[in-house]
There are 2 protein chains.
Amino acid sequence: MRSSPTRPRRNYHVGNLSEQLLATARSMLEEVGSSKLSLRALCSALGVTPTAAYHHFTNRAELLAQLATEGYLELAEVLSQNSAALPTQKKIHGFCLIYLNFARDNPALYQLMFGPELAADTMPEQLHTARQLAFSKLEIMVADLLKRPIDSIDVRNAALASWSYIHGLTALLLHEVLQRPSEVSDQRIIERTLAGFEVLFKAHAASTESI
Amino acid sequence: MRSSPTRPRRNYHVGNLSEQLLATARSMLEEVGSSKLSLRALCSALGVTPTAAYHHFTNRAELLAQLATEGYLELAEVLSQNSAALPTQKKIHGFCLIYLNFARDNPALYQLMFGPELAADTMPEQLHTARQLAFSKLEIMVADLLKRPIDSIDVRNAALASWSYIHGLTALLLHEVLQRPSEVSDQRIIERTLAGFEVLFKAHAASTESI
DNA sequence: ACCTGAACACCGTTCAAGT
DNA sequence: ACCTGAACACCGTTCAAGT
């Protein structure tokens, strides 16, 4: 998969090893999954010694954190780029599909971004702000839909609800917890679940009225 | 944490090593997390040789799968036990709280159950049916709420929507993706997000009407 | 400043041998 | 039938030394 795993390179200094490590790690990640991504295998694929990575990242966790940060930035980008043009009545549906597509395109990265691999206690500032940026795109979408200020409590609650739903659906699909028949498209799954919420809330409203 | 890690035991045969491995694995899991749960450390804690576990489980993946199966069975149990008595208008809210409490009580187990650690391709039959049992409790709750047959399309869609939401919220909270102020209880977070859905659907209904 | 080499303390897993 | 012992091919991480 990589150019020269075994053959030694000609110059002692690589020059841009940080970038190469990140780029190769990103593709290895999708091949083997976040838990099996190994620094040694990564270095070996780039033709450097196992310990070379430690001059660019303090440890494995920091490399993973940088990959996750990349992921959040790309997700934020994709969400704001593709959701702006959606008409109001297709806003939620379209937004969820964009979100799910990102996860489908980068399954291992998505799992890394939201999984337990990222130690919450030693989380770099970068990662935290990138994550916040992605969430803010969701808040913008919701504020737009509700025609309410972005810092209102309704927007925050609705955005949190939306994130819970779409992340939950994404995670269930990605981890194959749901045994979806392969002929049902992601689009239809989103339609069906959104319709499911509607049914649920009508029933709930009816039950509280009748008391 | 365990009785005799170093001291050798008196009899060559343990007798119930399978059960001991599972029980100890369960508590080690919550201490170190699923990705760092090691068969060698587990065997050493029980005073047996690193390879002893292989006479009871084909490999590490199978032990994890059995733990996850236990988890799904317990979740199903807890959901059906505690949700039966809930009045209709508190059904969703109460159910979600029971679900979230299970995850709070067994965070590493929950992450294992829904995480990428479980290889989807080689999943034992047991695990699949236990998972299905847990989901069926959700369907029962929804069918009860909607007063519709359990095999109706509305129930299936609404159950899938509910599972997406509560799993998403649980995962976001467990992985500390959400920076929840510590004074806000889980109960209030559920209230707020459910209220968020309501706001969202009223706005959506209004937007489709006005066209 | 950047990378190597040797070393340490771990892993999962196999297989032949012991009880 | 159940467990050990030795071995293999891996890990992450450290530290002194080379370029």
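Residues numbered from 1 in each chain as written. Chains lettered and ligands numbered in written order. Predicted model: local features only at pLDDT ≥ 70, side-chain atom pairs only at ≥ 80, totals over all residues.

1. Focus on the overall build of chain A
And then number 1: Each helix and strand in chain A was counted, giving eight helices and zero strands.
And then number 2: Starting at the N terminus and walking to the C terminus, you meet the elements of chain A as α-α-α-α-α-α-α-α.
And then number 3: Reported as C-alpha extents along the three principal axes, the dimensions of chain A are approximately 75 × 40 × 35 Å.
And then number 4: With 211 residues in all, chain A has 38% of them scored as buried.
And then number 5: Taking the intrachain contacts of chain A between residues at least 6 apart in sequence as the baseline, contacts between residues at least 24 apart amount to 67%. (Helix = DSSP H or I, 4+ residues; strand = E, 2+ residues; numbered from the N terminus. Buried ≥ 20, exposed ≤ 12 C-beta atoms within 10 Å, placed from the backbone. Contact = placed C-beta atoms within 7 Å.)

2. Some words on the relation of the copies chain A and chain B
And then number 1: For these two chains of identical sequence, chain A goes onto chain B by a turn of 180° and a shift of 0.0 Å along the axis, with RMSD 0.0 Å. Here the transformation between the copies is reduced to the relation of a two-fold axis. (Least-squares fit on C-alpha atoms with pLDDT ≥ 70 in both.)

3. Quick look at the protein's contact with DNA strand C
And then number 1: Around DNA strand C, the surrounding shell holds 19 residues, and the nearest of these are Val14(A), Thr49(A), Ala52(A), Asn59(B) and Arg60(B).
And then number 2: The element that contributes the greatest number of residues to the surface near DNA strand C is helix H2 (residues 39–45) of chain B, accounting for three residues. (Near = placed C-beta within 6 Å.)

4. Quick word on the packing of helix H3 (residues 60–83) of chain B against helix H4 (residues 91–105) of chain B
All names here are of chain B.
And then number 1: Contact geometry of H3 with H4 gives a least axis separation of 10 Å together with a crossing angle of 145°. Viewed along their axes, H3 and H4 form a crossing whose handedness is right-handed. Touching Leu75, Val78, Leu79, Asn82 and Ser83 of H3 are Gly94, Phe95, Ile98, Tyr99 and Phe102, all from H4.
And then number 2: Residues that form the contact of H3 with H4 fall into these classes: seven nonpolar, three polar and no charged. (Axes fitted to C-alpha atoms, helices over the stretch in contact; angles between N-to-C directions. Left-handed = near helix turned anticlockwise from the far one by under 90°. Nonpolar A, V, L, I, M, F, W, Y, C, P; charged D, E, K, R; others polar.)

5. Here's the deal with the protein's contact with DNA strand D
And then number 1: Within the structure, DNA strand D sits among 19 residues, and Asn59(A), Arg60(A), Val14(B), Thr49(B) and Ala52(B) are positioned closest to it.
And then number 2: Looking at the surface near DNA strand D, the element that brings in the most residues is helix H2 (residues 39–45) of chain A, giving three residues.
And then number 3: Tallied by class, residues from the surface near DNA strand D come to ten nonpolar, seven polar and two charged.

6. Comments concerning H4(B)
And then number 1: With 15 residues, H4(B) should cover 21 Å at 1.5 Å per step; its first-to-last C-alpha distance of 21 Å lies within 8% of that length.
And then number 2: Turning to H4(B), its buried residues number three or more, namely Ile92(B), Phe95(B), Cys96(B), Leu97(B), Ile98(B), Tyr99(B), Leu100(B), Phe102(B) and Ala103(B).
And then number 3: Here the buried face of H4(B) lies against helix H8 (186–209) of chain A together with H3, helix H5 (107–114), helix H6 (125–146), helix H7 (153–174) and helix H8 (186–209) of chain B. (Expected span 1.5 Å × (residues − 1).)

7. Concerning helix H3 (residues 60–83) of chain A
Residue and element names in this part refer to chain A.
And then number 1: Under the 1.5 Å per step criterion, the end-to-end length of H3 is 34 Å for 24 residues, consistent within 8% with the ideal 34 Å.
And then number 2: Turning to H3, its buried residues number three or more, namely Leu63, Leu64, Ala65, Gln66, Leu67, Ala68, Thr69, Gly71, Tyr72, Leu75, Leu79 and Ser83.
And then number 3: Packed against the buried residues of H3 are helix H1 (17–32), helix H4 (91–105), helix H5 (107–114) and helix H6 (125–146).

8. What about unusual backbone geometry?
What you tend to see is this: most non-glycine residues have negative phi, and most peptide bonds are trans.
Residue and element names in this part refer to chain A.
And then number 1: Although it is not a glycine, Lys147 sits at a positive phi angle of roughly 55°.
And then number 2: Along the chain, Lys147 falls in the loop between H6 and helix H7 (153–174).
And then number 3: Lys147 sits in the exposed class, given 10 other C-beta atoms within 10 Å.
And then number 4: Residue Glu176 is not a glycine yet carries a positive backbone phi of 55°.
And then number 5: Along the chain, the position of Glu176 falls in the loop between H7 and H8.

9. Digging into the interface of chain A and chain B
Interface size is commonly expressed as the accessible surface area that is lost when the partners come together.
And then number 1: Listed by partner, the interface residues are 46 residues for chain A and 45 residues for chain B.
And then number 2: Sort the elements by how many residues they give to the side of chain A that touches chain B and H7(A) lands first, with 15 residues.
And then number 3: A breakdown of the residues in the side of chain A that touches chain B according to their chemical character gives 23 nonpolar, 17 polar and six charged.

10. Considering the environment of Leu67(A)
And then number 1: Secondary-structure assignment places Leu67(A) in helix H3.
And then number 2: When near neighbours in sequence (up to four residues on either side) are disregarded, Leu67(A) contacts Leu22(A), Ala25(A), Arg26(A), Leu29(A), Leu109(A) and Leu112(A).

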